[in-house]
Amino acid sequence: MSSTELPGVRAVVAAVPPVVSAVKVAEGEEMRSVALPGLTLTVRSRPPGREGLPPALFVHGLGGSSQNWSALMPLLQDVVHGEAVDLPGFGCSPPPDDGNYSVTGHARAVIRFLDAEERGPVHLFGNSLGGAVATRVAAVRPDLVRTLTLVSPALPEIRVQRSAVPTGLLALPGVAALFARMTREWTAEERTRGVMALCYGDPARVSEAGFREAVAEMERRMELPYFWDAMARSARGIVDAYTLGGQQGLWRQAERVLAPTQLVYGGRDQLVSYRMARKAAAAFRDARLLTLPDAGHVAMMEYPEAVAQAFRELLDECGGS
């Protein structure tokens, strides 16, 4: 049994196949399912503007999905062939067979996908948990990564922000189930407003249409029988990764990354401290830093144009490929 596996959960999930509403697919996007040993991944893609563009892969954060990249992907389709993955247990990807939601488990899923599709090396993007996953992938498989773009990566902090503590508490045994019971009467709108207040620097920037789409996605996720389990185990995976030392430590792995790296941090981020930006810039050997004072935790959704421009500049430095 893996360190993030709970007894009996896989049997329960298998016995209750989810019947949920359809996920939103933006105009110009395509969705497909990729079966791999021990897991199945859903991949959202946007056809490139022309043939021969280099591949890019986008990895979302805790509680997110490939849809988190839908604002950024069209801004880059003239320079990369972009695909965004739903990590195991998130979006439309079912839980992994082994129940492993650790950072290493998620990184292994990304590596298996890239190896199976023969898409590497890719321009790899990661946000939050996805940033930690992308860092690990770049460190252990440098052959798979051309460049690395990290938006508020979940790298270990000694002094965690107070606003991030409730998310970390999901890692404790029983807390996710307790929270699910305590919030049973909350509407999807209430849950969505809470998430946006935590993740956005200014939730008012979200359009009414965008908010309604987010509410519909929240309703869909809450219908999944494994939703809270995936959240709890992945949160535990982040906490476990924070405590690892030696060569497996995320900061040590950041130092091993060879790929040119673009870091993006938000000044109003309530989950990953803005003060970590300089430490990250010093840790990655070939780093550039973009700070957005008004952004929160999901700059690629709040300020996609600024993130796209930063990547284009990184691409230009690397010879355009």
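Since the structure is predicted, the reported quantities are computational estimates derived from the model, not experimental observations. (Residues numbered from 1 in each chain as written. Predicted model: local features only at pLDDT ≥ 70, side-chain atom pairs only at ≥ 80, totals over all residues. Heavy atoms only, no water.)

Chemist: Any chance you could break down the overall build of the protein chain for me, citing the residues and the numbers?
Modeler: Regarding its fold elements, the protein chain presents 13 helices and eight strands. If you take every contact in the protein chain between residues at least 6 apart in sequence, the share linking residues at least 24 apart comes to 76%. Total accessible area on the protein chain is roughly 13,800 Å²; 55% of this is exposed by carbon and sulfur atoms. (Helix = DSSP H or I, 4+ residues; strand = E, 2+ residues; numbered from the N terminus. Contact = heavy atoms within 4.5 Å. Areas by Shrake-Rupley, 256 points an atom, 1.4 Å probe, with all protein chains shown as cover.)

Chemist: Can you break down the sheet that holds strand β7 (residues 261–266) residue by residue, with the values?
Modeler: Within the open sheet, the eight strands sit side by side as β1-β2-β4-β3-β5-β6-β7-β8. Their pairing is mixed. Of all strands in the sheet, those bounded by a partner on one side alone are β1 (30–36) and β8 (287–292). If you compare each strand with its neighbour and ignore which way they point, the axes differ by 20° on average. With four bridges joining them, strand β3 (residues 55–59) and strand β5 (residues 122–127) adopt parallel strand pairing. What sits directly across from Val59, in β5, is Gly126. (Pairing = 2+ DSSP bridges. Axes fitted to C-alpha atoms, helices over the stretch in contact; angles between N-to-C directions.)

Chemist: So, the packing of helix α7 (residues 188–199) against helix α8 (residues 208–222): which residues are in play, and what are the values?
Modeler: Each pair of packed helices can be described by the angle between their axes along with the distance between the axes. For the pair α7 and α8, the least separation of the axes is 9 Å and the interaxial angle reads 110°. The orientation of α7 with respect to α8, classified from their angle, is roughly perpendicular. For the crossing formed where α7 meets α8, the hand is right-handed. Along its contact with α7, which presents Ala188, Glu189, Arg191, Thr192, Arg193, Val195 and Met196, the element α8 presents Phe211, Arg212, Ala214, Val215, Met218, Glu219 and Met222. Of the residues that constitute the contact of α7 with α8, the class distribution is eight nonpolar, one polar and five charged. (Parallel < 35°, antiparallel > 145°, perpendicular 65-115°, else oblique. Left-handed = near helix turned anticlockwise from the far one by under 90°. Nonpolar A, V, L, I, M, F, W, Y, C, P; charged D, E, K, R; others polar.)

Chemist: Any chance you could break down the pattern of salt bridges for me, citing the residues and the numbers?
Modeler: Counted by the stated rule, this structure contains 16 salt bridges. Among the ionic pairs, Glu83 bridges to Arg32, the shortest N-O distance being 2.9 Å. Remark: Arg32 occurs in strand β1 and Glu83 occurs in strand β4 (residues 81–86); sequence separation between them is 51 residues. With relative accessibility at 4%, the residue Glu83 sits in the buried group. (Salt bridge = Lys/Arg side-chain N within 4 Å of Asp/Glu carboxyl O. Buried < 20%, exposed > 50% of the residue type's maximum accessible area, 1.4 Å probe, protein only.)

Chemist: I'd like to hear about the pairing of β1, residue by residue, with values.
Modeler: In the sheet, β1 pairs with strand β2 (residues 39–46) via seven bridges, with the strands oriented antiparallel. The residue of β2 that forms the bridge with Met31 is Arg44. Linking β1 back to β2 in an antiparallel pair, the connection comprises two residues, with Gly38 at a positive phi of about 85°.

Chemist: Would you mind going over the side chain of Thr192 in detail, with residue names and values included?
Modeler: Structurally, Thr192 can be placed in helix α7. On the basis of relative accessibility, which here comes to 3%, the residue Thr192 falls in the buried class. Aside from chain neighbours lying at most four places away, what touches Thr192 is Phe211, Ala214, Val215 and Met218.

Chemist: Can you lay out the environment of Ala308 for me, pointing to particular residues and giving the numbers?
Modeler: Mapped onto the secondary structure, Ala308 falls in helix α13 (residues 304–317). Counting along the chain gives 236 residues from Ala308 to Leu72, while the straight-line C-alpha distance between them is 6.7 Å. When sequence neighbours within four positions are dropped, the list of residues in contact with Ala308 reads Leu72, Leu75 and Leu76.

Chemist: Tell me about the pairing of β4, and name the residues and values.
Modeler: The buried fraction of β4 is high, at five of six residues. Of the strand pairs in this sheet, β2 and β4 are connected by five bridges, and their pairing is antiparallel. Considered in β4, the bridge of Val43 is made with Val85. As paired strands, β3 and β4 are joined by five bridges and run parallel to one another. Of the residues in β4, the one forming a bridge with Phe58 is Ala84.

Chemist: Could you give an account of the nonpolar core, naming the residues involved and the relevant values?
Modeler: Core analysis: the largest hydrophobic core is formed by 53 residues, its most contacted members being Leu124 and Leu148. Setting aside residues up to four positions removed in sequence, Leu148 forms contacts with Leu124, Ala134, Thr135, Ala138, Val257, Ala259, Pro260, Thr261, Gln262, Phe284 and Leu314. Core analysis: the second largest hydrophobic core is formed by 33 residues, Leu76, Val151, Ala188 and Leu314 among them. (Core = buried A, V, L, I, M, F, W, Y, C linked by side-chain atoms within 4.5 Å.)

Chemist: Give me the lowdown on the environment of Gly28, citing residues and values where you can.
Modeler: Relative to the helices and strands, Gly28 resides in the loop between α1 (9–15) and β1. The sequence separation of Gly28 and Pro47 amounts to 19 residues, and the corresponding C-alpha distance is 7.5 Å. Every residue in contact with Gly28, bar those within four places of it in the chain, is listed here: Ser45, Arg46 and Pro47.

Chemist: How would you explain the packing of helix α3 (residues 103–117) against helix α4 (residues 129–140) if you had to name every residue and give the values?
Modeler: Packing of α3 against α4 brings their axes to within 9 Å, and their N-to-C directions diverge by 65°. Every pair of crossing elements has a handedness; the one defined by α3 and α4 is right-handed. Contacts between α3 and α4 pair Val103, Thr104, His106, Ala107, Val110 and Ile111 from the former with Leu129, Ala132, Val133, Arg136, Val137 and Val140 from the latter. Tallied by class, the residues present in the contact of α3 with α4 amount to nine nonpolar, two polar and one charged.

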